[in-house]
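Each chain is listed here by its residues.
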Amino acid sequence: MTSRMSDTFLQHGRGMEWQNSIIILIFALTLALPGDTLATSVAFAAFRQLGIDEVALAVPLTVIAIMRMAGLFINGNWRRSPILRCIGAVLGAGLFAGLAVLFAVPALSGQSAALTTGAGVYLALAAFDVLAAYRSAADASFYKQH
């Protein structure tokens, strides 16, 4: 049982894809908790300026995270589904890039004296999801040829 679970999470180097999916889900669940997370910091100023509220952000993030996890689980346990993984990674890359920009806006627009760590961290996560999308597209091409 433990071996099967570890294979699901780590098989074929998919640990980063699982990590990014879980990060998206945790972000969504944090927004869903009681309180107004987006009002707590100047780092969320761009979110508020765009009129984004917690529900408008938490619901699609939850859907993306669960869809990615389902694709990864199916891919790791029953059949190869690199197209599902590729779609999830592209969505994740776009999401993380968008978050990086939104976290950078307060510093770039002069609303904050310093850049938050969120800008760099989410940019790095976006880059790794681009790599995951490339890798899953290569997997799709490989399975199509064989």
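These remarks concern the structure in this document. These numbers were taken from a predicted model, which means no experiment stands behind them.

1. Regarding the overall build of the chain
- Summing up its helical and strand segments, the chain has 6 helices and 0 strands in all.
- Scanning the chain from its N terminus toward the C terminus, one meets helices and strands in the order α-α-α-α-α-α.
- Here the chain holds 146 residues, and the buried ones make up 40% of them.
- By element, 72% of the accessible surface of the chain is carried by carbon and sulfur atoms, the whole surface being about 8,100 Å².

2. So, a nonpolar patch on the surface
- Where nonpolar side chains cluster on the molecular surface, the patch consists of Met16, Phe128, Leu131 and Tyr134 and spans about 430 Å² of accessible area.
- Considering every element that reaches the nonpolar patch, the biggest residue donor is helix α6 (residues 117-145), with 3 residues.
- Mapped onto the secondary structure, Met16 falls in helix α2 (residues 15-32).

3. Topic: the packing of aromatic side chains
- Under the criterion given, the structure shown has 6 aromatic pairs.
- Seen from their ring centres, Phe27 and Tyr122 are 6.0 Å apart, and the 80 degrees between their planes marks the pair as edge-to-face. Within this pair, whereas Phe27 is found in helix α2, its partner Tyr122 is found in helix α6, the two being separated by 95 residues in sequence.
- Among the aromatic residues, ring-to-ring pairing joins Phe27, Phe44, Phe47, Phe96, Phe103 and Tyr122 into one connected group.

4. Focus on the nonpolar core
- Among the nonpolar cores identified, the biggest contains 29 residues, and Phe27, Phe47, Leu61, Leu99, Phe103 and Tyr122 are the most heavily contacted of them.
- If you list the elements that add at least two residues to this core, you get α2, α3 (45-49), α4 (54-77), α5 (82-108) and α6.
- Not counting residues up to four positions away in its chain, the partners in contact with Leu99 are Phe27, Phe47 and Tyr122.

5. Quick word on α2
- Compared with an ideal rise of 1.5 Å per residue, which puts 18 residues at 26 Å, α2 spans 26 Å between its outermost C-alpha atoms and is within 8% of the ideal.
- Regarding α2, the residues found buried are Glu17, Trp18, Asn20, Ser21, Ile24, Leu25, Phe27, Ala28 and Leu31.

6. Thoughts on the side chain of Ser112
- Tracing the sequence through the fold places Ser112 in the loop between α5 and α6.
- Every residue in contact with Ser112, bar those within four places of it in the chain, is listed here: Val42, Pro106 and Ala107.

7. As for α5
- The terminal C-alpha atoms of α5, which comprises 27 residues, lie 37 Å apart, in line with the 39 Å expected from a rise of 1.5 Å per residue.
- Where α5 ends, the next residue or the one after it, Gly110, has phi of about 85 degrees, a positive value.

8. Details of the environment of Gly118
- Counting through the fold element by element, Gly118 comes out in helix α6.
- Assessed through its relative accessible area of 12%, Gly118 is described here as buried.
- Beyond its immediate sequence surroundings of up to four residues, Gly118 is in contact with Ala100 and Phe103.

How each quantity is defined
Residues numbered from 1 in each chain as written. Predicted model: local features only at pLDDT ≥ 70, side-chain atom pairs only at ≥ 80, totals over all residues. Heavy atoms only, no water. Helix = DSSP H or I, 4+ residues; strand = E, 2+ residues; numbered from the N terminus. Buried < 20%, exposed > 50% of the residue type's maximum accessible area, 1.4 Å probe, protein only. Areas by Shrake-Rupley, 256 points an atom, 1.4 Å probe, with all protein chains shown as cover. Patch = residues over 30% accessible without salt bridge, like charges linked within 9 Å, V, L, I, M, F, W, Y side chains within 5 Å. Salt bridge = Lys/Arg side-chain N within 4 Å of Asp/Glu carboxyl O. Phe/Tyr/Trp six-rings, centres within 6.5 Å; stacked < 30°, edge-to-face > 60°. Core = buried A, V, L, I, M, F, W, Y, C linked by side-chain atoms within 4.5 Å. Contact = heavy atoms within 4.5 Å. Expected span 1.5 Å × (residues − 1).

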